[in-house]
Amino acid sequence: MFKKLSLAAAAVALSASTSFAATEVTWWHAMGGELGKKLEQIVQKFNDSQSDYHVTPVFKGTYPETLTSAIAAFRAGQQPAIVQVFEVGTGTMMAAKGAIYPVYKLMADEGEPWDPSKFIAPVVGYYSDPEGNILSFPFNSSTPILYYNKDVFKKAGLDPDVAPKTYAELADFSKKIVSSGAAKCGFTITYAATWIGLENFSAIHDLPYGTLQNGFGGPAAEFTFNGPTQVRLWDDLKKWQDAGYFQYGGPGGGPDSAPKFYSQECAIYMGSSGSRAGVIANAKNFQVGFSTLPYYDDVTKDPKNSIIGGATLWTLNGQKPEVYKGVAKFFTYLSQPEVQADWHQFSGYLPITNAAYDLGKSQGYYEKNPGSDVGIKQITRGTPSDNSKGVRFGNFTQIRDVVDQQFETVLSGKQTAKQALDAAVKEGNAMLREFEAANSN
């Protein structure tokens, strides 16, 4: 009898524990290192704040690797509830209409607060459909900025509080740095051929990257980034490399660029504002300065805004209803000013909401941390034009690889900048047509 009662009690206990088990929400992301640790802390705080849902973050590698994994998982019916996708994957995700659950619809369906006007304008503009509906949840939005070694500047006889504003000054500063022996190289750039060295460069100079509002107008867009000013930059980078002023850090994210700056081999580093935490953590032996990206002052006297980078969180179809309740609750949590301000101030990513930015101001964060608002001011500079609101194209991850390959032929002397950019545009447009044909239905 006691055994029967024990079994019955165990069954009741098991039933109770099952009914109160937290709903699992899986999130695939691409944040490694210090950023990954901080992301896990944010998730843990959400999990600790309630008992209905449990978000499990899973690191899936680089941004391209994470996107590729998500596509493969969806086809196999094993997709996560949330996937972090970098900004150049936006066109691909928008075309996958049956795969995504737009965040504006998710939040409305679940009765969670959702007000697009609370997000900073560049974020809203980039991740919205033509009707103005935000499709994915903004999480880690960035823009590129210029970092420089104040100690090396002093050694070279430069003012440590003055960064190069133009490309002419960048070349002049680099010459002084190298010739004085203060450092082996003047500057290095991550995403030298793509995000920073071409996409942001074109935006700042108000030059079209492609037709149809840089792809925002639809999949029939074509690339036009082989104009004379873009050719001039690639020619200059080749010339500056040969003179010892510029060092190439590799394709894609330029894996060798940041280490060249950390080791004080290069005095100036152009990288993501989201790299701020990593830069500060690695630059323990010298003082870092922060500034805006350079521009050709004989092309423009009024540089436009830089464009967005980083990633957003896309919700994928195919989950149970209770999972989507958890996703919506999690997104509401992430929207809180305190959560956003903490993430922004730790990482250097932009504060995605106006409230998070205002909170930082009221806390005196920007006064205590000079340069921490450089990215915010640069990306909100002036009124965005069709050329400076961003770029949105299908197959863009693969197209960036093509641009990287062509850029390397310039640095190696195999092609002129004009030949390489013409080739990149031609091959890129062929890939756009493939994407358009594959997503025409």
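Up top is the structure.
Residues numbered from 1 in each chain as written. Predicted model: local features only at pLDDT ≥ 70, side-chain atom pairs only at ≥ 80, totals over all residues. Heavy atoms only, no water.

*Asks:* Which parts of the structure should I look at to understand the overall build of the protein chain?
*Replies:* Within the protein chain one finds 20 helices and ten strands. The C-alpha atoms of the protein chain give a radius of gyration of 24 Å, which matches the 22 Å a tight globule of 441 residues would have. Judged by the C-alpha coordinates and their principal axes, the protein chain covers about 90 × 50 × 40 Å. In the protein chain, which comprises 441 residues, the proportion classed as buried is 55%. Nonlocal contacts in the protein chain, meaning residues at least 24 apart in sequence, comprise 77% of its contacts between residues at least 6 apart. Looking at the protein chain, you have 39 positive and 43 negative side-chain charges, and the mean spots of the two groups are 3 Å apart. (Helix = DSSP H or I, 4+ residues; strand = E, 2+ residues; numbered from the N terminus. Rg over C-alpha atoms; globule rule 2.2 N^0.38 Å. Buried < 20%, exposed > 50% of the residue type's maximum accessible area, 1.4 Å probe, protein only. Contact = heavy atoms within 4.5 Å. Lys, Arg positive; Asp, Glu negative; His and termini not counted. Charge placed at Lys NZ, Arg CZ, Asp CG, Glu CD.)

*Asks:* Before we go on, may I ask you to explain the pattern of salt bridges in this structure?
*Replies:* Pairing between side chains of opposite charge can happen when the charged atoms of each approach one another. Under the criterion given, the structure shown has 16 salt bridges. For Asp342, the salt bridge is made with Lys38, and the minimal N-O distance between the two is 2.8 Å. Taken together, the residues span a long stretch of sequence, with Asp342 in helix H15 (residues 337-347) and Lys38 in helix H2 (residues 33-49) at a distance of 304 residues. Judged by its relative accessible area of 31%, Asp342 falls in the partly exposed class. Judged by its relative accessible area of 11%, Lys38 falls in the buried class. A salt bridge links Asp161 to Lys150; the shortest N-O distance between them is 3.3 Å. Placement of Asp161 in the loop between helix H7 (150-155) and helix H8 (167-180) and of Lys150 in helix H7 is noted, with a sequence separation of eleven residues between them. The class for Asp161 is exposed, based on a relative accessible area of 58%. Among the residues examined, Lys150 registers a relative accessible area of 14% and is labelled buried. Where salt bridges share partners, they join Glu87, Glu199 and Arg400 into one cluster. (Salt bridge = Lys/Arg side-chain N within 4 Å of Asp/Glu carboxyl O.)

*Asks:* Honestly, the sheet that holds strand E7 (residues 246-248) in this entry has me stumped. Any pointers?
*Replies:* Sheet strands associate in pairs through backbone hydrogen bonding, adopting either a parallel or an antiparallel arrangement. Within the open sheet, the five strands sit side by side as E7-E6-E8-E5-E9. Their pairing is mixed. In this open sheet, the two edge strands, each paired with only one partner strand, are E7 and strand E9 (288-291). Adjacent strand axes in the sheet meet at a mean angle of 25°, parallel and antiparallel pairs treated alike. When strand E6 (residues 185-189) meets E7, the two strands line up parallel, connected through three bridges. The residue bridging Phe187 from the neighbouring strand is Phe246, located in E7. (Pairing = 2+ DSSP bridges. Axes fitted to C-alpha atoms, helices over the stretch in contact; angles between N-to-C directions.)

*Asks:* Would you mind showing me how to read the pairing of E9 here?
*Replies:* Taken residue by residue, a regular strand's side chains alternate between the two faces of the sheet. Neither face of E9 is left uncovered, since the one carrying Val288 and Phe290 and the one carrying Gly289 and Ser291 both have all their residues buried. Pairing between strand E5 (residues 144-149) and E9: four bridges, direction antiparallel. Counterpart to Asn149 in the pairing with E9 is Val288.

*Asks:* Sorry if this is basic, but what is going on with the environment of Phe201 here?
*Replies:* Take Phe201: it is sitting in helix H9 (residues 195-204). Relative accessible area serves as the criterion here: at 3%, Phe201 is assigned to the buried category. When neighbours within four sequence positions are excluded, Phe201 is seen to be in contact with Tyr167, Ile196, Thr229, Gln230, Leu233 and Tyr296.

*Asks:* Looking at this structure, how should I read the layout of surface pockets?
*Replies:* Empty space among the atoms can be located by rolling a probe the size of a water molecule over them. For the largest pocket, the calculated volume is near 1,100 Å³. If one sorts the elements of the lining of the largest pocket by residue count, helix H19 (residues 396-411) sits on top with four residues. Along the wall of the second largest pocket there are 25 residues; nearest its centre are Gly91, Met94, Ala95, Lys97 and Pro219. Mapped by element, the contributors of at least two residues to the lining of the second largest pocket are helix H4 (90-95) and helix H20 (417-438). Sort the elements by how many residues they give to the lining of the second largest pocket and H20 lands first, with four residues. Residues of the lining of the second largest pocket, tallied by class, amount to 14 nonpolar, seven polar and four charged. (1 Å grid on protein atoms, 1.4 Å probe; cavity = no way out; pocket = protein on both sides within 12 Å on 5 of 7 lines; lining within 4 Å. Points joined across faces, edges and corners; volume = space filled by probe spheres on them. Nonpolar A, V, L, I, M, F, W, Y, C, P; charged D, E, K, R; others polar.)

*Asks:* What's the story with the packing of aromatic side chains in this structure? I'm lost.
*Replies:* Each aromatic ring pair is characterised by the separation of its centres together with the angle its planes make. According to the stated counting rule, one finds 40 aromatic pairs in the structure shown. Ring geometry for Tyr167 and Phe201: centres 6.0 Å apart, planes at 65°, overall edge-to-face. You can see Tyr167 sitting in helix H8 and its partner Phe201 sitting in helix H9, a full 34 residues away along the chain. Assessed through its relative accessible area of 6%, Tyr167 is described here as buried. Seen in terms of ring centroids, Tyr209 and Phe393 are 6.3 Å apart; in terms of plane orientation they differ by 45°. Their pairing is tilted. Remark: Phe393 occurs in the loop between helix H18 (374-379) and H19 and Tyr209 occurs in the loop between H9 and helix H10 (211-214); sequence separation between them is 184 residues. Phe393 matches Tyr209 in its accessibility class, with the two residues each being buried. Three or more aromatic residues joined by ring pairs form one cluster here, namely Trp27, Phe46, Trp114, Phe119, Phe137, Phe139, Phe330, Phe331, Tyr333, Trp343 and Tyr349. Directly above the aromatic system of Tyr126 lies the positively charged group of Arg392, at a separation of 5.9 Å from the ring centroid. (Phe/Tyr/Trp six-rings, centres within 6.5 Å; stacked < 30°, edge-to-face > 60°. Lys NZ or Arg CZ within 6 Å of the ring centre and 35° of its normal.)

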